[in-house]
Amino acid sequence: KAAYKSWLATSVGEEPPAEDASDEAESTGSKPARCWFQCTVAGGRKRRPLDAVQLVQGCEALGAGEILLNSIDKDGKNSGYDLALVNAVRSAVHIPVIASSGAGAPEHFVEVFQNTKAEAALAAGIFHRSEVQISDVKKAIAAADLPVRV
């Protein structure tokens, strides 16, 4: 754990929040002062002392061909992709990144492609529930002069 904190301090400039930081933040109604992209498991219910950037760099080093990036904070919210997370991960690896979680409207796809270097974006629930039509997403992307297969 000490080696991890040392690595993080030199590579990102800050230590990760204390293990109980989010529990403390929940009880006080405030958010921890530090910002890093903590990895979680079990649908976001269990935290791991690992930054998403560190994880994707490790995956790339082990031979991953692409990263399917899910933001548990945006999952199911229909408020748009986590652009900061996508940008942090995309700038840290040399393999394609697929943005996932948060799409709720065709404009969210345009936003992720205009504001990040993600090679692809996915959504599921909005299509399964027929809230958005795939053809509408493709039209919005084409209208923004972005490449799309129609």
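Residues numbered from 1 in each chain as written. Predicted model: local features only at pLDDT ≥ 70, side-chain atom pairs only at ≥ 80, totals over all residues. Heavy atoms only, no water.

1. Some details on the overall build of the chain
When you go through the chain residue by residue, the secondary structure sums to 7 helices and 5 strands. For the chain, the proportion of its 150 residues judged to be buried stands at 31%. Considering only contacts in the chain between residues 6 or more positions apart, those separated by 24 or more positions represent 50%. Of the roughly 9200 Å² of accessible surface on the chain, 52% is carried by carbon and sulfur atoms. (Helix = DSSP H or I, 4+ residues; strand = E, 2+ residues; numbered from the N terminus. Buried < 20%, exposed > 50% of the residue type's maximum accessible area, 1.4 Å probe, protein only. Contact = heavy atoms within 4.5 Å. Areas by Shrake-Rupley, 256 points an atom, 1.4 Å probe, with all protein chains shown as cover.)

2. Remarks on helix α5 (residues 106-115)
Counting along an α-helix, one turn takes 3.6 residues, and residues three or four places apart therefore face a common direction. Buried within α5 we find Pro 106, His 108, Phe 109, Val 110 and Val 112. Against the buried residues of α5 lie α4 (83-90), β4 (97-100), β5 (120-121), α6 (125-128) and α7 (134-143).

3. Notes on the pairing of strand β1 (residues 38-41)
Relative to strand β2 (residues 46-51), β1 runs antiparallel, the two being bridged by 3 bridges. Its bridge partner being in β2, Val 41 is matched across the sheet by Lys 46. Counting the residues that bridge the hairpin from β1 to β2 gives 4 residues, and of these Ala 42 lies at a positive phi of roughly 55°. (Pairing = 2+ DSSP bridges.)

4. Remarks on unusual backbone geometry
Phi is positive for Ser 101, which is not a glycine, with a value near 85°. With respect to the element layout, Ser 101 can be found in the loop between β4 and α5.

5. Concerning the sheet that holds strand β3 (residues 67-70)
Pairing within the open sheet is parallel, and its 3 strands lie in the order β3-β4-β5. Edge strands, defined here as strands with exactly one partner in the open sheet, are β3 and β5. Packed onto the sheet, α4 meets β3 and β4 and runs at close to 155° relative to β3. (Axes fitted to C-alpha atoms, helices over the stretch in contact; angles between N-to-C directions.)

6. Quick word on the side chain of Ser 71
Inspection of the secondary structure assignment puts Ser 71 in the loop between β3 and α4. Ser 71 sits in the buried class, given a relative accessible area of 5%. Among residues more than four places away in sequence, those in contact with Ser 71 are Asp 82, Leu 85, Ser 100 and Ser 101.

7. Some points on the confidence of the model for the chain
When pLDDT is averaged along the chain, the result is 85; 77% of the residues meet or exceed 70. Every residue in residues 10-17 is under pLDDT 50, and counting partners more than four places away or in other chains gives 15 contacts. (pLDDT = per-residue confidence, 0-100.)

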